[in-house]
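Below, each chain spelled out in residue letters.
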Amino acid sequence: MYEAVFVALTDLLVRTRSSRLLVAYSGGRDSAALLHLAAAFAHQRYLPLSAVHVDHGLDPASADWADRCRAQAASLGIDCVVLRVAAAPPAGASIEAWAREQRYTRLAALCDASTLVLTGHHEDDQAETILQRVLAGAGPHGLSGMPALRSCGAGFLGRPLLACSRASIDDYVMRHDLPWVDDPANANERFVRNRLRNSLLPSLDDAVPGARRGLIRLARIQQDVVQGLDRHADVLIDAAGLPAWQLAESSLSAAGVELAPFVLRRALSRIGFPRPGRRQLQEILGTLRQAQPAGQPVVRWGDYAVRRYRDRLYFTAATLPMPPTQTMTWDCRAAFELPWGTLGARAATATGQVALDPARLQGAAAVSVRFRRGGERCQPLGRDHGQSLKKLFQEWGIPPWERALLPLVYIDGELAAVPGYCVAAPFAANPGGGIVLDWAFDFYPQRVT
């Protein structure tokens, strides 16, 4: 087991290029073995290692468990951070799902790009996961089980014990006389996972010898299927050449009705959005199909949303900010920061850039930023007459939810520029010079995982 886990840890480091290890340490047998193994590995590789224990507060003895975790980590020369969850599960919520979400949210918050979080999930956990998802009617992604590696915040989460059985871990703990905490909740039959572990899986093993191994094989087959589906989806998504937070409807239509949910799921997964269940995916796609061609449907789930404008889907937060109603003075020498983006000014560096005339800025009595109030007009450089911003926004293909949040720059009370789109002709610099205004919304996800 020692050698196999070291090989798995080495592979995780190579794949992630991480330089810092963080063990999710519950204090149970599995995480006790993992912490001991990770300590030896980190010492051999001269890697910084720490542990984190999440105290969910669900048991009266949880504070004592946290102290024991600190003490055990200290005996191995490892710092252990204890994070306490102050909230309680909402009424009617699954306690297991709530605790898992709380735990992973806190782990993700500790990660930077150099961090590899390690959890103690093993082969038997994988079999239980697959069986639970089989009974729930999961699709290929669900039946592929827990991945050995996935993203976690800005870093990664790895499972180096996935190829180890529970029996081998128990043996390792006994041989090294490792202390561990036995959470009584693991025997509580009210939890589905415990019923599977303590009753159903043993019965399956008796009725069908090798049932656990069959579930593991099923997961590996589905992992191959998922890789193929994701590669196909990537080709369709990337063919449109759009930013990560947009998806062309043509990518969905090219996939066909059967595979469109997998393409949408992949697009959301690539930007780090939580993966919707099949029902949510079907709701999103159904809403899009039923909407009028010129419609702008929005489907929300939790804190996230999919919005359509023209022939593109946009992935955003469920609730977007409200723009200020007042006019704000701006000193162009400093960035103008808003909760959803930063407006900046810089010298033009390339011929053909549309820029403001520096003389108009320097001679201005007031430079200000305001947001749409209705009725604004602008004559972009190169046009012989002014047009309403409404028509210009439509021409430029700006989604409706962006229009109210787009900062407008005024010089002495006149609309001088729409940053990122145009400079009004009376305020434009000569070709090859001037001040360029930079603007980009930052409420769109950027990262492709």
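The structure contained in this document is the topic of the report that follows. None of the values given here were measured: they were computed from a predicted structure.

Thresholds applied
- Residues numbered from 1 in each chain as written.
- Predicted model: local features only at pLDDT ≥ 70, side-chain atom pairs only at ≥ 80, totals over all residues.
- Heavy atoms only, no water.
- Helix = DSSP H or I, 4+ residues; strand = E, 2+ residues; numbered from the N terminus.
- Expected span 1.5 Å × (residues − 1).
- Buried < 20%, exposed > 50% of the residue type's maximum accessible area, 1.4 Å probe, protein only.
- Contact = heavy atoms within 4.5 Å.
- Pairing = 2+ DSSP bridges.
- Core = buried A, V, L, I, M, F, W, Y, C linked by side-chain atoms within 4.5 Å.
- Salt bridge = Lys/Arg side-chain N within 4 Å of Asp/Glu carboxyl O.
- Phe/Tyr/Trp six-rings, centres within 6.5 Å; stacked < 30°, edge-to-face > 60°.
- Patch = residues over 30% accessible without salt bridge, like charges linked within 9 Å, V, L, I, M, F, W, Y side chains within 5 Å.
- Areas by Shrake-Rupley, 256 points an atom, 1.4 Å probe, with all protein chains shown as cover.
- Axes fitted to C-alpha atoms, helices over the stretch in contact; angles between N-to-C directions.
- Parallel < 35°, antiparallel > 145°, perpendicular 65-115°, else oblique.
- Nonpolar A, V, L, I, M, F, W, Y, C, P; charged D, E, K, R; others polar.

### So, helix α9 (residues 211–239)
Part 1 of the argument: Taking 1.5 Å per residue, 29 residues should reach 42 Å; α9 reaches 42 Å between its end C-alpha atoms and fits that length.
Part 2 of the argument: Burial in α9 covers these residues: A211, L215, I216, A219, Q222, V226, L229, D230, A233, D234, L236 and I237.
Part 3 of the argument: Packing partners of the buried residues in α9 comprise α5 (123–135), α6 (140–143), α8 (192–207), β7 (246–248) and α10 (249–270).
Part 4 of the argument: In the segment just after α9, G241 is the residue with positive phi, at about 65 degrees.

### Some remarks on the pairing of strand β8 (residues 298–301)
Part 1 of the argument: Of the two faces of β8, the one holding V299 and W301 is buried and the one holding V298 and R300 is not buried anywhere.
Part 2 of the argument: The pairing of β8 with strand β9 (residues 304–309) spans four bridges and is classified as antiparallel. Counterpart to V299 in the pairing with β9 is V306.
Part 3 of the argument: The antiparallel hairpin formed by β8 and β9 contains two residues in its connecting segment, where G302 sits at a positive phi of about 60 degrees.

### Here we look at unusual backbone geometry
Part 1 of the argument: The phi torsion at Y46 lies on the positive side, around 55 degrees, for a residue other than glycine.
Part 2 of the argument: One can find Y46 in the loop between α2 (29–45) and β2 (49–55).
Part 3 of the argument: According to the relative accessible area criterion, Y46 is exposed, its value standing at 76%.
Part 4 of the argument: Its identity is not glycine, yet D177 carries a phi of approximately 50 degrees, on the positive side.
Part 5 of the argument: Within the secondary structure, D177 is located in the loop between α7 (166–175) and α8.

### Structural notes on the nonpolar core
Part 1 of the argument: If you look at the biggest cluster of nonpolar residues, it comprises 43 residues, and the most contacted ones within it are W330 and L356.
Part 2 of the argument: When near neighbours in sequence (up to four residues on either side) are disregarded, L356 contacts L361, I411, A416, A417, V423, F427, A429, G434, I435 and L437.
Part 3 of the argument: In terms of nonpolar packing, the next biggest core, distinct from the first, is built from 33 residues, V23, L37, A42 and L118 among them.

### As for the pattern of salt bridges
Part 1 of the argument: Counted by the stated rule, this structure contains 21 salt bridges.
Part 2 of the argument: Linking R212 and D124 is a salt bridge whose minimum nitrogen-to-oxygen distance equals 2.9 Å. One end of the pair, R212, is in helix α9; the other, D124, is in helix α5, and 88 residues separate them in sequence.
Part 3 of the argument: Using a relative accessible area of 11% as the deciding quantity, one classes D124 as buried.
Part 4 of the argument: When the shortest N-O distance is used, the salt bridge between D125 and R166 registers 3.8 Å. Taken together, the positions of D125 in helix α5 and R166 in helix α7 put the pair 41 residues apart, joining distant regions of the chain.

### Describing the pairing of strand β5 (residues 149–152)
Part 1 of the argument: Direction of pairing for β5 relative to strand β6 (residues 155–158): antiparallel, over a ladder of four bridges. Looking across to β6, one finds that L149 is bridged to G158.
Part 2 of the argument: Between the end of β5 and the start of β6, which pair antiparallel, lie two residues, with G153 showing a positive phi angle near 60 degrees.

### Concerning the packing of aromatic side chains
Any pair of aromatic rings gets described here by the distance separating the centres and the angle formed by the planes.
Part 1 of the argument: According to the stated counting rule, one finds 16 aromatic pairs in the structure shown.
Part 2 of the argument: Centroid distance Y314 to W401: 5.1 Å. Interplanar angle 80 degrees. Geometry classified as edge-to-face. Of this pair, Y314 sits in strand β10 (residues 312–317) while W401 sits in helix α14 (residues 400–403), and the two are 87 residues apart along the sequence.
Part 3 of the argument: Its relative accessible area of 4% is what places Y314 among the buried residues.

### Description of a nonpolar patch on the surface
Part 1 of the argument: Together, V134, L135 and L200 give the surface a local cluster of nonpolar side chains, amounting to about 250 Å² of exposed area.
Part 2 of the argument: Tracing the backbone shows L200 in helix α8.

### Observations regarding the packing of α9 against α10
For any two helices packed against each other, one specifies the inter-axial angle together with the distance between the axes.
Part 1 of the argument: Look at α9 against α10: their axes get within 8 Å of each other, and the N-to-C directions meet at 95 degrees. Looking at the two axes, α9 sits roughly perpendicular to α10. Counted together, L229, D230, H232, A233, D234, L236, I237 and D238 of α9 and S251, A254, A255, L259, F262, V263, R266, A267 and R270 of α10 form the full contact between these two elements.
Part 2 of the argument: When the residues that make up the contact of α9 with α10 are grouped by side-chain class, the tally is 10 nonpolar, two polar and five charged.

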